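# Structural features, examined
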Amino acid sequence: MRAALYGLLLAVTANTYAGERQISLDWLKIVAFAAHQTDYSGVFVYQYDNRVETSRITHVIEADGEYERLESLDGPKREIIRHHGQVWCYINRKMTQVDSQQMHSRFPALLPEQISTLSENYQAREAGTERVAGYNAQVFLFKPNDNLRYVHKIWAHTDSGLLLKVAVLDTNNQVVEQYIFTQLQIGGNIDRSWIGAKKPPQRDAGSPTPVEPVKSGTLTDSAWVVGALPPGFKKTMEIQRAMRGKHAPVTQIVFSDGLSAISIFVEPDDGDEDDVEGLSSRGAVNLYHKVLDKHLITVVGEVPPRTVIQVLDSVRYNGK
Amino acid sequence: MKQEISALMDGELFEDEAENLLGRIKRDSDAHGDWEIYHLIGDVLRQPEHVHCDLSAKVRKRMQDEPIVLAPHGRAVKQKMRTVALSAAASLAAVGVVAWMSLQIGHETVPQMAMKQPVLRPASAQIRPKANDYLMAHHEFSPRIIDMSGGASYIHTIAYTNNEK
């Protein structure tokens, strides 16, 4: 895998004069590989809605695959360890395990078809080099071809391709959310003592409470359709799943344009007053609820508010 | 600085930049001079028949010329004070009218932007903890190109889901 990464790096160097767009997309492959093929440990800041959260992330490759540990450094102590689609949470001194089969499918992060979708929907260009967390970074800008999605800007470590900074901007070039490494160690001697400690401690062994609702669902094809998706969003998944606090299974339909995704959830309306119609957001993620034909429809996506509204307003049932 | 002032007058600055710049203009007399000259130029270009040359300085000077009342309370003095207050109010009103006029004339872009803003980012609430389940379900299938953000939103969402339990 290392060899593959270097191979790609070489390909990029050789391709330097082949045209801007192609370079950026090759770079994206490197970025996607680097996230999984590099040992690193660092502190990053997540800034959204005038808030800031700091976390430490450690990522190492062992013989049996990748291990990733995320710790919150402010607020209540939260820790998450991810390995092979399994997730352990260590929250308020209590260890719980999360089942998630879908997470297996996350590697490789960037599939060839995603790259082609991406180049259809965004103008990718290099935007110079900058320094982030003490490293030189190549900056890439992904400008959408319409105003129904956000601008994405990424800073990738010039040597390894590791992402050092990610910003999501709106059409006014205002930052909607961003992730920035403030301190980062790439390679070298990284603490691995936590890897063996992922199993639940003895005292909690009696009653492990699984963290819902990350449960695998069954593939389905309901008759719910969306009339006004932004161009380039393609259906990637449709499942029926159980969700916490919901009696009936919820249908989830996912569309993606390569960089961001829109999920549509359909469930019978149980008249819960909390699920009032309306828009809410966290950083780049916008969520819109609406009751339609006795069904509660929820649209979630890393797209501007107007897009989730447009998508929801065009949802209709195409069956009998 | 001059370019920024010009951008501010054209309504091209973001709110926080504009506030910052206005603060600097207040402190820096040179910048304040530029600010006034630019407005004067704008006024002359648009409406040559109504030129307000350094009105604010004149108002300030007139205000300084107004007597300061140090005498103890008394009916006559009260009367006088009211007059002072009224004249001050009148001056302020005049400034207000000028300011309003220049807004009407010089900042066509301002109302436009104000109208555009809500469309771009409608007033939306924070996602409530109850809706976190949708977010987690969504994150599972989001493209994982930018894995760093995936991890961060994941810890955020999962942590809040559990805190709320």
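Residues numbered from 1 in each chain as written. Chains lettered and ligands numbered in written order. Predicted model: local features only at pLDDT ≥ 70, side-chain atom pairs only at ≥ 80, totals over all residues. Heavy atoms only, no water.

## Digging into the overall build of chain A
- Of regular secondary structure, chain A possesses four helices and 20 strands.
- The 320 residues of chain A split such that 52% are buried.
- The long-range fraction of contacts in chain A, counting pairs at least 24 apart against all pairs at least 6 apart in sequence, stands at 49%.
- When the accessible area of chain A is evaluated, it comes to approximately 14300 Å², of which 50% is carbon and sulfur surface. (Helix = DSSP H or I, 4+ residues; strand = E, 2+ residues; numbered from the N terminus. Buried < 20%, exposed > 50% of the residue type's maximum accessible area, 1.4 Å probe, protein only. Contact = heavy atoms within 4.5 Å. Areas by Shrake-Rupley, 256 points an atom, 1.4 Å probe, with all protein chains shown as cover.)

## Quick look at the packing of helix 2 (residues 15-27) of chain B against helix 3 (residues 29-46) of chain B
Residues and elements named next belong to chain B.
- Between helix 2 and helix 3, the least distance of the axes is 5 Å, while the angle of their chain directions is 110°. Between helix 2 and helix 3, the interaxial angle falls into the category roughly perpendicular. For the pair helix 2 and helix 3, contact is made by Leu 22, Ile 25 and Arg 27 and by Ser 29, Ala 31, His 32 and Trp 35, respectively.
- Across the contact of helix 2 with helix 3, the residue classes tally to four nonpolar, two polar and one charged. (Axes fitted to C-alpha atoms, helices over the stretch in contact; angles between N-to-C directions. Parallel < 35°, antiparallel > 145°, perpendicular 65-115°, else oblique. Nonpolar A, V, L, I, M, F, W, Y, C, P; charged D, E, K, R; others polar.)

## Considerations on the pattern of salt bridges
Residues and elements named next belong to chain A.
- This structure, assessed with the given rule, holds 11 salt bridges over all chains.
- The partner of Arg 192 in a salt bridge is Asp 39, with the nearest N and O atoms 2.7 Å apart. Placement of the pair is Arg 192 in the loop between strand 11 (175-186) and strand 12 (218-219) and Asp 39 in the loop between helix 2 (20-37) and strand 1 (40-48), with a sequence separation of 153 residues.
- Its relative accessible area of 30% is what places Arg 192 among the partly exposed residues.
- Looking at Asp 39, the relative accessible area reads 13%, which means it is buried.
- When the shortest N-O distance is used, the salt bridge between Arg 149 and Asp 146 registers 2.7 Å.
- Here Arg 149 falls in the buried class, since its relative accessible area comes to 3%.
- Within the structure, one salt-bridge network assembled from shared partners comprises Arg 56, Arg 69, Glu 71 and Glu 79. (Salt bridge = Lys/Arg side-chain N within 4 Å of Asp/Glu carboxyl O.)

## A word on the confidence of the model for chain A
All names here are of chain A.
- Overall, the prediction assigns chain A a mean pLDDT of 78, with 76% of residues at 70 or greater.
- Ranking the helices and strands of chain A by mean pLDDT puts helix 4 (residues 305-313) first, with 93, and helix 1 (residues 2-14) last, with 47.
- Predicted confidence is poor over residues 101-109, with pLDDT under 50, and the contacts of this stretch with residues over four places away or in other chains come to 24 contacts. (pLDDT = per-residue confidence, 0-100.)

## Structural notes on a negative patch on the surface
All names here are of chain B.
- Residues Glu 15, Asp 16, Glu 17 and Glu 19 make up a contiguous surface patch of negative charge.
- Within the secondary structure layout, Glu 19 lies in helix 2.
- Since its relative accessible area comes to 54%, Glu 19 is described here as exposed. (Patch = residues over 30% accessible without salt bridge, like charges linked within 9 Å, V, L, I, M, F, W, Y side chains within 5 Å. Lys, Arg positive; Asp, Glu negative; His and termini not counted. Charge placed at Lys NZ, Arg CZ, Asp CG, Glu CD.)

## Looking at helix 1 (residues 2-9) of chain B
- Among the residues of helix 1 of chain B, B:Ile5, B:Ala7, B:Leu8 and B:Met9 are the ones counted as buried.
- Just beyond helix 1 of chain B, the residue with positive phi is B:Gly11, at close to 70°.

## Points about the packing of aromatic side chains
All names here are of chain A.
- Tallied over the entire structure, the rule returns seven aromatic pairs over all chains.
- For the pair Phe 44 and Phe 181, a centre-to-centre distance of 5.8 Å together with 75° between the ring planes defines the contact as edge-to-face. A residue pair is termed long-range when its members are at least 10 positions apart, and Phe 44 in strand 1 and Phe 181 in strand 11 qualify at 137 residues. Both residues of the pair, Phe 44 and Phe 181, count as buried.
- Members of the aromatic cluster, joined through ring pairs, are Tyr 40, Phe 44 and Phe 181.
- Sitting above the plane of the Tyr 122 ring, Arg 149 keeps its charged end 6.0 Å from the centroid. (Phe/Tyr/Trp six-rings, centres within 6.5 Å; stacked < 30°, edge-to-face > 60°. Lys NZ or Arg CZ within 6 Å of the ring centre and 35° of its normal.)

## So, a nonpolar patch on the surface
Residue and element names in this part refer to chain B.
- A surface patch of nonpolar side chains, amounting to about 320 Å² of accessible area, comprises Ile 37, Ile 41 and Leu 45.
- Along the polypeptide, Ile 41 turns up in helix 3.
- We classify Ile 41 as partly exposed; its relative accessible area is 45%.

## Some details on the sheet that holds strand 18 (residues 285-292) of chain A
- Read across the open sheet, the eight strands follow the order 12(A)-14(A)-15(A)-16(A)-19(A)-18(A)-17(A)-1(B); overall the sheet is mixed. In the strand order of this sheet, the two ends are held by strand 12 of chain A together with strand 1 (125-126) of chain B, each with one partner.
- The pairing of strand 15 (residues 250-256) of chain A with strand 16 (residues 261-268) of chain A spans six bridges and is classified as antiparallel. Note that in strand 16 of chain A the partner of A:Phe255 across the bridge is A:Ile262.
- The strands that helix 4 of chain A touches are strand 16, strand 17 (278-282), strand 18 and strand 19 (295-301) of chain A; relative to strand 18 of chain A, the one it contacts most, it runs at about 25°.
- Docked against the sheet, helix 7 (residues 132-141) of chain B engages strand 14 (234-241), strand 15, strand 16, strand 17, strand 18 and strand 19 of chain A, running at close to 130° with respect to strand 16 of chain A. (Pairing = 2+ DSSP bridges.)

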